[in-house]
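Examining the three-dimensional arrangement
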Amino acid sequence: MTGDEAQQRHAALSEQIRAHDHAYYVLARPAISDVEYDRLYRELLDLEQAHPELAAPDSPSQRVGGQALSSFKPVRHAIRMMSLDNTYSRAELLDFVQRLQKLLPEAKLTWVVEPKIDGLAISLRYENGILTCGATRGDGATGDDITANLKTIRSLPLRLQPSADGKPADELFDVKSPAQIPEVLEVRGEVYMTKAGFEKLNAARVAAGEEPFANPRNAAAGSLKMLDPKQVAARPLAIVLYGLGETRVSGSLAAELPATQHEMLAWLASWGLRSPEFHRICGSPDELIAAIDELDRVRKDFAYETDGAVIKLDPIALRERAGATAKAPRWAIAYKYAPEQAQTTLKAITIQVGRTGALTPVAELEPVFLAGSTISRATLHNEEEMRRKDIRVGDRVTIEKAGEVIPAVVNVVISARTGKEAPFDFPKTCPECGAAVARAMGASVDDLGVVWRCVNYDCPAQVRGRLEHWCSRGAMDIEGGGDVLVTQLVKAGLVRDVAGLYRLTVFDLANLERMGAKSAQNFLAGIAASRRRDLWRLLFGLGILHVGAGVAKSLARHFATLDDLSRATAEELTRIEDVGEVIAKSLVSWFQEERHRLLLEHLRQAGLNFHSSSYQPEAPAGRLAGKTFVLTGTLPTLKREQAAARIEALGGKVSSSVSKKTDYVVAGEDAGSKLVKAQTLGVRILNEAELLALCASGQ
Ligand code: IVH
């Protein structure tokens, strides 16, 4: 086969495979058998092996390409990714409708109701039809670049497929001319793990002695965070798209841009992008409620978990007028369905001691099936909650799973009482180590003074909890460091604190039960790799009261090293985003404690990374930071030096020549060539009064 022939055959095969992927993963209407598909795919791989230059980034063979990454690069979203306000109440939903009607009095409001998919928000960027970037939402302004991971998702096209929807696979080849492909198309949606895929994955994990995921959402999040796309490819992920980010189109496409949400969903589908299978257009509150109820009836049959309905103003032009708050648009709202409940018998109450010493009462239940899994334990939160609900051993109870990891006991079915139920005496000492318990501090701001805590820092349950937390996926991510192994390590006296992990040897592990040579090596390799983790992971892993992953990330952006953070005062800390007084105090007192200082010394000696890779030195303060000015001519009151001093005092730069990079030219009388150049380049021109106004407002 000549090079030309190979190229032609490759192009034909690629198109066929894309069309079949679309038919199978997006339309759920396979057009050929698996064997036939595999044959096409094999031929494509063989061709690429013989002609490696044919393996372009958007070739169907490139879904699982490249090396594992060491971290994800940050991506700034061209348009902010917002969140949604939500409500559980129909009355509030009607308030929302009325609010918008008041805001847009003359408009006839129409709505679209869509499922609220319980996955992870992502943004995809197609440039000239080719997928160039896929990112997480992150904080809305900046997310992580997870392109390589997203490419493994089969329902996500690596290139836009014009007019792909609704046609049989063999008619999918009428490619539009390139002039009609958007220059930039950013689409937004949700990556999820299918319910069926989740069950299978968890069964496999349990069989392999690994921790199961709590729910499909966590499983999807965990999967997308993996650094090796090959592993991600093995996870049953899929994608649904429901929104637009940046769009840059020209020619006839500009006129075709959708004017409403429902047109947008169809438009996305016409590019081969999968949109939600359910949406209803509603013109009145009654229709809204009917659509929400209808969705509630059918959503159990969707491949993904849903926790509500999203109600969006249909006409896109009206959305701009409705605007947004800091976090969420005013033109949309999520209506959450009441969590699923079940009834069962409470057989016993046990007490769990957590890593912060908290004593949590746990209901041991007659196993019952609820929202996709069998439940045999549920949290009773704390002693006060138990008293308030008057929970007794032997009670018939209602339990609920509200998207949280752990189900909770909601109430007692009083009518089912027989008189044989026994009240529970909350222990006065730690059931784990016998030490005293106290109610001095709270692990979260809202449990202050409610939670009993074991006061013994060396309580084995606390030690185990701290170690497990350190190893957990969200913190230092040390594979294998789950409860079984950690319990063994603590019981055998091999490890007393997290620094102890870094002194473990193969010999230490060899004597533990159920520990093969391979697992021991893997665990040690995981520990070794954790030395280089980002500072925020270490900070979160330390389990400092109130310091969650989000706060840890903020701290790591603000401080270059752990040592800098350890020296910060409470006042300095409260100036940081997400850090209030409670957190600042908790941090300062944590770093003051002798045993924590010692622990940090041991971690330093063990070679852990104390430097922040996300450190962002503050940009020069001032309203005009980053702006370049050129002064020309004579100003009415200010001397040139005075004007320059004002600009510089606010962080602006004064330059002597005008270029494309100049932000403003300040022109006075007799301004000459610089003014002309500014005019030709389209640079903004200010007079003195406008300059002073700018200095005052920063706009
Ligand atoms: S629209 C500016 N539509 O829910 C509008 N979001 O709780 C932003 N979500 O961040 C989102 N299904 O991750 C929209 N049909 C849907 C959705 C949806 C799920 C997620 C999304 C968002 C979160 C807010």
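So, a few notes on the structure that sits alongside this text. (Residues numbered from 1 in each chain as written. Predicted model: local features only at pLDDT ≥ 70, side-chain atom pairs only at ≥ 80, totals over all residues. Heavy atoms only, no water.)

**Focus on the overall build of the protein**
When helices and strands are tallied, the protein shows 25 helices and 24 strands. With the C-alpha coordinates of the protein rotated into their principal frame, the extents come out at 90 × 75 × 60 Å. Here the protein holds 699 residues, and 45% of them are scored as buried. Put simply, of all contacts in the protein between residues at least 6 apart along the chain, 68% involve residues at least 24 apart. The positive charge centre, built from 86 side chains, and the negative charge centre, built from 89, are 3 Å apart in the protein. (Helix = DSSP H or I, 4+ residues; strand = E, 2+ residues; numbered from the N terminus. Buried < 20%, exposed > 50% of the residue type's maximum accessible area, 1.4 Å probe, protein only. Contact = heavy atoms within 4.5 Å. Lys, Arg positive; Asp, Glu negative; His and termini not counted. Charge placed at Lys NZ, Arg CZ, Asp CG, Glu CD.)

**Concerning empty space enclosed by the protein**
In total, this model carries 1 cavity of 30 Å³ or more according to the counting rule given. One number sums up the size of the largest cavity: a volume of about 110 Å³. In the lining of the largest cavity, the residues fall into 5 nonpolar, 5 polar and 6 charged. (1 Å grid on protein atoms, 1.4 Å probe; cavity = no way out; pocket = protein on both sides within 12 Å on 5 of 7 lines; lining within 4 Å. Points joined across faces, edges and corners; volume = space filled by probe spheres on them. Nonpolar A, V, L, I, M, F, W, Y, C, P; charged D, E, K, R; others polar.)

**So, the layout of surface pockets**
Taken as a whole, the second largest pocket encloses approximately 1100 Å³ of empty space. Along the lines of polarity and charge, the residues of the lining of the second largest pocket split into 20 nonpolar, 11 polar and 11 charged.

**Things to note about the side chain of T87**
Tracing the sequence through the fold places T87 in strand β2 (residues 86-87). The class of T87 is buried, set by a relative accessible area of 1%. In terms of polar contacts, T87 uses its side chain to reach the backbone amide nitrogen of S89, at 2.9 Å. Excluding residues that lie within four positions of it along the chain, T87 makes contacts with E92, L93, I333, A334, Y335 and K336. (Polar contact = N/O pair within 3.5 Å; in protein donor to acceptor, adjacent residues only side chain to side chain.)

**Observations concerning the site of the ligand**
The ligand sits among 13 residues. The nearest are E114, I117, R137, E190 and K312. A distance of 3.1 Å separates a nitrogen atom of the ligand from a polar atom in the backbone of P115. R137 is positioned such that a nitrogen or oxygen atom in its side chain is 2.6 Å from an oxygen atom of the ligand. Burial of the ligand by the surrounding chains reaches 87%, relative to a free accessible area of 530 Å². Counting residues per element, the ones that place at least two in the shell around the ligand are β3 (111-117) and β10 (306-313). (Near = heavy atom within 4 Å. Areas by Shrake-Rupley, 256 points an atom, 1.4 Å probe, with all protein chains shown as cover.)

**What about unusual backbone geometry?**
Of note in this structure, D390 is not a glycine but carries a positive phi near 50°. Residue placement: D390 occurs in the loop between α12 (383-389) and β15 (392-393).

**Examining the pattern of salt bridges**
Considering all chains together, one arrives at 32 salt bridges under this definition. In this structure, the salt-bridge partner of D58 is R159, at a minimum N-O distance of 2.8 Å. Residue D58 is located in the loop between α2 (34-50) and β1 (74-76), and its partner R159 is located in the loop between α4 (147-151) and β7 (184-193); the two are separated by 101 residues in the primary sequence. In this structure D58 comes out as buried when scored by relative accessible area, which is 9%. On the accessibility criterion, R159 (30% relative accessible area) is partly exposed. The partner of R125 in a salt bridge is E127, and the shortest N-O contact between them spans 2.8 Å. The network of salt bridges with common partners includes R125, E127, E183, E186, R188, E246 and R248. (Salt bridge = Lys/Arg side-chain N within 4 Å of Asp/Glu carboxyl O.)

**Looking at the packing of helix α1 (residues 3-26) against α2**
The packing of two helices is summarised by the inter-axis angle and the distance between the axes. The contact between α1 and α2 brings their axes to 10 Å, and the two run at 145°. Both α1 and α2 take part in a crossing whose hand is left-handed. Of the residues in α2, those in contact with A6, R9, H10, L13, S14, Q16, I17, H20 and D21 of α1 are Y37, L40, Y41, E43, L44, L47 and E48. Class assignment of the residues belonging to the contact of α1 with α2 gives a composition of 8 nonpolar, 4 polar and 4 charged. (Axes fitted to C-alpha atoms, helices over the stretch in contact; angles between N-to-C directions. Left-handed = near helix turned anticlockwise from the far one by under 90°.)

**Observations concerning the state of the cysteines**
One pass over the full model with this rule turns up 0 disulfides. The closest cysteine sulfur to the non-disulfide-bonded C459 is located on C433, 3.8 Å from its own sulfur. A relative accessible area of 0% places C459 in the buried class. (Disulfide = S-S within 2.5 Å.)

**Quick word on the pairing of strand β16 (residues 396-401)**
Among the 6 residues that make up β16, 5 are buried, leaving the element largely enclosed by the rest of the structure. Looking at chain direction, β16 and strand β17 (residues 408-412) are connected through 4 bridges and run antiparallel. Note that in β17 the partner of I399 across the bridge is V409. (Pairing = 2+ DSSP bridges.)

**Observations regarding helix α16 (residues 517-530)**
The terminal C-alpha atoms of α16 lie 20 Å apart, and with 14 residues this matches the ideal 20 Å at 1.5 Å per residue to within 8%. Listed in full, the buried residues belonging to α16 are A520, F523, L524, G526, I527 and S530. Along α16, the residues classed as buried sweep out an arc of 155° about the axis, all on the same side. Those residues of α16 that are exposed and angled more than 90 degrees off the buried face are A517 and K518. Contacts made by the buried residues of α16 are with α14 (483-491) and α15 (506-510). (Expected span 1.5 Å × (residues − 1). Arc of directions from axis to C-beta.)

**Considerations on the nonpolar core**
Among the nonpolar cores identified, the biggest contains 54 residues, and W470, L501, Y502, L555, L573 and L603 are the most heavily contacted of them. Among the secondary structure elements, those contributing two or more residues to this core are α13 (460-471), α14, α16, α17 (535-541), α18 (549-558), α19 (562-567), α21 (581-592) and α22 (594-605). Leave out the neighbours within four places in its chain, and Y502 touches W470, M476, I478, I527, S530, R531, L603, A606 and L608. If you look at the next biggest cluster of nonpolar residues, it comprises 37 residues, including L120, L201, I239 and L253. (Core = buried A, V, L, I, M, F, W, Y, C linked by side-chain atoms within 4.5 Å.)

**Looking at the sheet that holds β10**
Taken in spatial order, the 5 strands line up as β2-β11-β10-β3-β9 in an open sheet, and their pairing is mixed. The sheet is open, and its two borders are formed by β2 and β9 (280-282), each paired with just one other strand. Two elements, β10 and strand β11 (residues 332-336), share 5 bridges in a ladder whose sense is antiparallel. Its bridge partner lying in β11, A309 is registered against Y335. Running over the sheet, helix α3 (residues 90-103) touches β2, β3, β10 and β11 and is turned about 170° from β11. Across the face of the sheet, helix α10 (residues 285-298) comes into contact with β3, β9, β10 and β11 while running at roughly 25° to β3.

**Looking at the environment of F507**
Mapped onto the fold, F507 is located in helix α15. Its relative accessible area of 69% is what places F507 among the exposed residues. With 13 residues separating them in the primary sequence, F507 and A520 have C-alpha atoms 9.2 Å apart.

**Notes on α2**
With 17 residues, α2 extends 24 Å from end C-alpha to end C-alpha; this agrees with the ideal 24 Å at 1.5 Å per step. Every buried residue of α2 is listed here: Y37, L40, Y41, L44, L47 and E48. Projection of α2 onto a plane perpendicular to its axis shows the buried side chains occupying an angular sector of 120°, all on one side. Of the residues in α2, the exposed ones pointing more than 90 degrees away from the buried face are V35, R39, Q49 and A50. Tucked inside the fold, the buried residues of α2 contact α1.

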